[in-house]
Amino acid sequence: MRPVTARRAVRGLAAVLGAAALVVSAAACGAGGASGGKSATRIVIGTTADVVNYNPLVGNSRTDSWVTNLMYPKLMSMDMEGKRVPHLATSWEYAEGGTKARVKIRDDMKWTDGKPVSADDVVFTIDAVAKEKIGVVAGLISSYGSAKALSPTEVEFTLTKPDGTFLDNVGFWMAVVPAHVFGKAPSVAKFANDSDWVSAGPYKLTKVERGQRYVLDRVTPYPLAPDNTPNLEQVVFRVFGDVNTEVLALRNGEIDLVANALPPTLAKSVQNDNKLKTVEIPSLGWAHMQYNVQRAPLDKLEVRQALAAAVDYEAIRKSALQGAAVSSDSSVLTPTLKQWHDPSAQEYRHDVAKAKELLAKAGHADGLTLSMIYDQADPNIAKWAQLVRDGAKEAGIEIKLEGLERNTYVAKGSNRDFDIYAGSWAIMDNPPANLGLAFKCGGFINYANVCDPELDKLISQAQEQTDPQAAKDPIQRAARIISEQVYDNVLYVEKFTFAHGAKWTGFEQRPSELLSIVNPESLAKAKAN
Amino acid sequence: MSVETATALPPSESTAAQTWRAFRRNPLGVAGGLVLVALALVAIAAPLLADYPSGSSDDVLVGPSAGHPLGTDDLGRDVFGQVVWGTRMSIAVGFAASVLAIIAGTAIGVAAAYFKRLDTALGVLVDLSLSLPVLPLMILIAALVGPSATTLIIVIAAFSWPEVARVVRSQAMTVMPQQFIAAANVIGGSNTWIIRKHVLPGVAPVVVVSVVMTTSRAVLSEAGLSFLGLGDPDNWSWGTILHNAQQSGSLTTAWWTTLFPSVAILLLVVSTTLLSVAYNDARNPKTR
């Protein structure tokens, strides 16, 4: 009897050990796979998600942007300080007191079916965006009236009111799509654009293997590349389960570049690897917490101030971000935006005693309980959310963390169904426009539900100025109100780290994770030594 | 007559004593039991063993050392403290989910065996539930409802009861034809009384084994869901430690952040398996 028992037990043990080994190895390996990165005529880029939308006007995930940016031109690109620089457009100007805006575009850019990229395409695109209210661009062009092509290379926009943010917004955010292709669809917003792509970037999408890879082939001539020819024959995006496996693949030479910004811990280890090179890119956005000011007790200024005083900002930058972040001075005009930054802005002081005092003043001396939502897939926020919770606890505020799956998180944010919203904006480069969306009454991304007439007035004043210098004063006053009223608690501005194989050179750096070194100009010029 | 039959049966203490004697002779089973007791003690005595890991420190990703026997994580928090406090959460969630699953599974299993008219319908329900893709559904529900300990307990219990129901029904089917059941019916015992006094004691041994195995599976499910980021972010569990390691990118650079919680999970699963195998063998006269 006993040997049978022992054998059963050993069998049970072996089965459990085997299963555990499988679990451990699966966790360690994650998604795996294909070859790549060996040839100098091809660059293999790692990403952690599939393309969800091939329609560049609709898609807004990072992977969507990385792939469609290589296919559909925008009127403008931006330099490292967020200033607009020519791309499809060669020059632009306002006229008639800011109620007209004119853009001249290149005459040498062509769609992959041979037709020229023309002013008609620009007019078609903006009309479709305005009419069908497509994506974030629609929210940015509220002053748009109409557009007409003055010639094949000139467009004139008529605005319903003077708007100094219009050209910057349309220029950078709106991808131009081919009218002769997208125009055939009954609805541009619903056009999936998931096959037979007609594009005008340095590379065209030719092959899709969902969950595996996206292959883009070189397009010639491409006027923004040296000698009209992108250096590489092919750009391949490979999909990985997570950033750990991406970096393993980069170390093994399976891929040449990781498109995602590396979490600070991984960035440190990659910096010590001589087979790899890292690139530091500043963010044009910020990480923040927004308090739902329409919901008690967050409607009380003292409660919001108490929450702000309970945060150890330095610890967040030092520990959660491993030093890869700078202070925002608790202002929406972060130091990265040099032309807008207000030097008098000061970071909220971490002061637990003050937080308790404010809480008592607000009638919550016994403490209070709030919940905070965040996207559980965002590694940095998931980390600092824990520090915010622990800091608030010392001040007598219990913050219940709700790390949510992305779609649930986005839905709760859109429905303003939260106490505290922890998140980050990727690009907030144009304060008059961005603050309008984020803080004006009913703004598209006004998650804090702010409705402050004085703030609205100042933002509107700034938006009406066609000269950025004239917009500076009202926008700085608006930023001071946002900070004083704690409508937004801007925590830090991140410094992103990207990694690529040491043999690669020629990348053109752009700010933000959306552009970084995975942008059309950069991949048209990249080469391997 | 029925009273004489009942008193003629060997006393239950005797069976228990025989089972206990046989169990003690199985070293792996005893070891499994001891490990489980040790884990339970760690869970109960967590506040005495380690401070609750919170905040941050400058000792980021420091390997095992005298100050931090299991190293620190990417925020400089003690991994030993996380594993100790994680034991409490993992076992609590596992046990609570298991108890819920056992109650539901036993009720449905016994009902199916006792009430013949319900057998087919409940059988279909159990088969249907067993055929569902459990992990994706667990992920879906946990993601939609939002992460919390309560969510985890309910989600895990909701997908664990069918196996219990099937095992309990099989055992109850062997109890039903027994003469003492027929006799209890003859003397006019109510259904509730018969189930309580005769059927439930008959299925008790498999329920005991099920409690242990379901807890083990529930702990694994909790670890899996937490690893995927669907755990309770306000409490440490073994899966949460693994999730943090994966998310922070220290999975491949700081082995201690993943090894120790994995070992804890392994210990619990192995010990419950050994314990239940040993108990099963010990109570079965053929393998005793």
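## Things to note about the packing of helix α5 (residues 79-114) of chain B against helix α8 (residues 149-158) of chain B
All names here are of chain B.
Right, on to step 1. Across the interface, α5 lies against α8 with an axial gap of 8 Å and an inter-helix angle of 40°. Between α5 and α8, the interaxial angle falls into the category oblique. Like other packed secondary-structure pairs, α5 and α8 cross with a definite hand, here right-handed. Where α5 approaches α8, its residues M89, V93, A96, A97, L100 and A101 are matched on the opposing element by A149, L152, I153, I156 and A157.

## As for unusual backbone geometry
Residue and element names in this part refer to chain A.
Right, on to step 1. Here T220 and P221 are connected by a cis peptide whose omega angle stands at 0°.
Right, on to step 2. Locating P221 in the fold gives a position in the loop between β9 (213-218) and β10 (234-239).
Right, on to step 3. At Q322, a position not held by glycine, the phi torsion is positive, near 55°.
Right, on to step 4. Looking at the element boundaries, Q322 is found in the loop between α10 (313-320) and β14 (325-327).
Right, on to step 5. Taking the relative accessible area as the measure of exposure, Q322 reaches 17% and is therefore buried.
Right, on to step 6. One non-glycine residue with positive phi stands out, namely S512, at about 80°.
Right, on to step 7. Tracing the chain through its elements places S512 in the loop between β19 (504-505) and α17 (520-525).
Right, on to step 8. Under the relative-accessibility criterion, S512 is labelled buried at 0%.

## Observations regarding the nonpolar core
Residues and elements named next belong to chain A.
Right, on to step 1. With 74 residues, the main nonpolar core has L75, F157, F166 and F237 as its most contacted residues.
Right, on to step 2. When residues of this core are assigned to their parent elements, the largest contribution, six residues, is made by helix α3 (residues 119-132).
Right, on to step 3. Of the domains in this structure, domain 1 (16-71 + 201-275 + 502-528) and domain 2 (76-182) are the two that each give at least three residues to this core.
Right, on to step 4. With residues near it in sequence (within four places) discarded, F166 still touches Y94, A101, I126, I141, S143, Y144, F157 and L159.
Right, on to step 5. In terms of nonpolar packing, the next biggest core, distinct from the first, is built from 43 residues, Y313, W384, L401 and I420 among them.

## Notes on the environment of V493 of chain A
Residues and elements named next belong to chain A.
Right, on to step 1. Inspection of the secondary structure assignment puts V493 in strand β18 (residues 489-501).
Right, on to step 2. Judged by relative accessible area, which is 2%, V493 ranks as buried.
Right, on to step 3. Distance in space between the C-alpha atoms of V493 and P468 is 22 Å, their sequence separation being 25 residues.
Right, on to step 4. When sequence neighbours within four positions are dropped, the list of residues in contact with V493 reads S283, G285, A325, V326, S328, T334 and T336.

## Some thoughts on the domain arrangement of chain A
All names here are of chain A.
Right, on to step 1. On domain assignment, one finds that chain A holds domain 1 (16-71 + 201-275 + 502-528), domain 2 (76-182) and domain 3 (286-494).
Right, on to step 2. The gap between the C-alpha centroids of domain 1 and domain 3 is 32 Å.
Right, on to step 3. In total, about 560 Å² of surface goes out of reach between domain 1 and domain 3, with carbon and sulfur atoms giving 67% of it.
Right, on to step 4. Residues of the side of domain 1 that touches domain 3, tallied by class, amount to three nonpolar, two polar and one charged.

## Points about the sheet that holds strand β5 (residues 100-105) of chain A
All names here are of chain A.
Right, on to step 1. Spatial strand order, β4-β5-β7-β6: four strands in an open sheet with antiparallel pairing. The outermost strands of the open sheet, each flanked by one partner alone, are β4 (89-95) and β6 (144-151). Within the sheet, the average angular offset between the axes of one strand and its neighbour, ignoring direction, is 20°.
Right, on to step 2. Across five bridges, β5 lies against strand β7 (residues 154-159) in antiparallel orientation. Bridge assignment links R102 to a residue of β7, and that residue is E156.
Right, on to step 3. Contacts between α3 and the sheet are confined to β5, β6 and β7, with β6 contributing the most and set at about 170° to the helix.
Right, on to step 4. Contacts from helix α5 (residues 166-173) reach β4, β5, β6 and β7 within the one sheet, and its direction differs from that of β4 by about 155°.

## Description of the packing of aromatic side chains
All names here are of chain A.
Right, on to step 1. Evaluated as defined, the whole model comprises 18 aromatic pairs over all chains.
Right, on to step 2. With 6.2 Å between their ring centres and 80° between their planes, Y72 and F182 make a pair best called edge-to-face. Highlighted residues: Y72 in the loop between α2 (62-69) and β2 (76-78) and F182 in helix α6 (residues 179-182), separated in sequence by 110 residues. Here the two residues Y72 and F182 agree in accessibility, since each one is buried.
Right, on to step 3. Centroid distance F172 to W173: 5.1 Å. Interplanar angle 80°. Geometry classified as edge-to-face.
Right, on to step 4. Connected via pairs of aromatic rings, a cluster forms that spans Y409, F418, Y421, W425 and Y447.
Right, on to step 5. A cation sits over an aromatic face here: K74 above F172, 5.4 Å from the ring centre.

About the criteria used
- Positions within a chain are numbered from 1, following the residues in the order the chain's sequence is written.
- Following the order in which they are written, the chains are lettered starting with A and the ligands numbered starting with 1.
- At least 70 in pLDDT is required for a residue's local features to be given in this predicted model, at least 80 for side-chain atom pairs to be given and counted, and no such filter applies to totals for whole chains, interfaces and linings, which use all residues.
- Side-chain measures here rest on the full set of heavy atoms in the structure, leaving out hydrogens and waters.
- All axes are obtained by fitting lines to C-alpha atoms, using only the stretch in contact for helices, and the reported angles, taken between N-to-C directions, cover 0 to 180 degrees.
- Helix and strand labels come from DSSP, where a helix needs a run of H or I of at least four residues and a strand needs a run of E of at least two; each type is numbered from the N terminus.
- Small angles under 35 degrees read as roughly parallel and large ones over 145 as roughly antiparallel, with 65 to 115 read as roughly perpendicular and the rest as oblique.
- We call a crossing left-handed when the near helix sits turned anticlockwise from the far one by less than a right angle, and right-handed when that turn is clockwise.
- Whether two residues touch is decided by their heavy atoms; if any such pair falls within 4.5 Å, the residues are in contact.
- A 1.4 Å probe rolled over the protein chains alone gives each residue an accessible area, and that area as a share of the maximum for its type sets the label: buried under 20%, exposed over 50%, partly exposed in between.
- In plain words, nonpolar cores are sets of buried Ala, Val, Leu, Ile, Met, Phe, Trp, Tyr and Cys residues tied together by side-chain atoms within 4.5 Å.
- Annotation comment: domain bounds sourced from an automatic or database domain assignment.
- The quantity reported as buried area is the accessible area (1.4 Å probe) lost by two parts once they are put together, taken as the sum for both.
- When residues are sorted by character, Ala, Val, Leu, Ile, Met, Phe, Trp, Tyr, Cys and Pro go into the nonpolar class, Asp, Glu, Lys and Arg into the charged class, and all the rest, Gly among them, into the polar class.
- Criterion used throughout: strands pair if DSSP finds at least two bridges between them.
- Two aromatic rings, drawn from Phe, Tyr or Trp (for Trp, its six-membered ring), form a pair once their centres lie within 6.5 Å of each other, and the interplanar angle then sorts them: stacked below 30 degrees, edge-to-face above 60, tilted otherwise.
- Each ring is checked for a lysine NZ or an arginine CZ that lies within 6 Å of its centre and within 35 degrees of its normal; such an atom marks a charge sitting over the ring.

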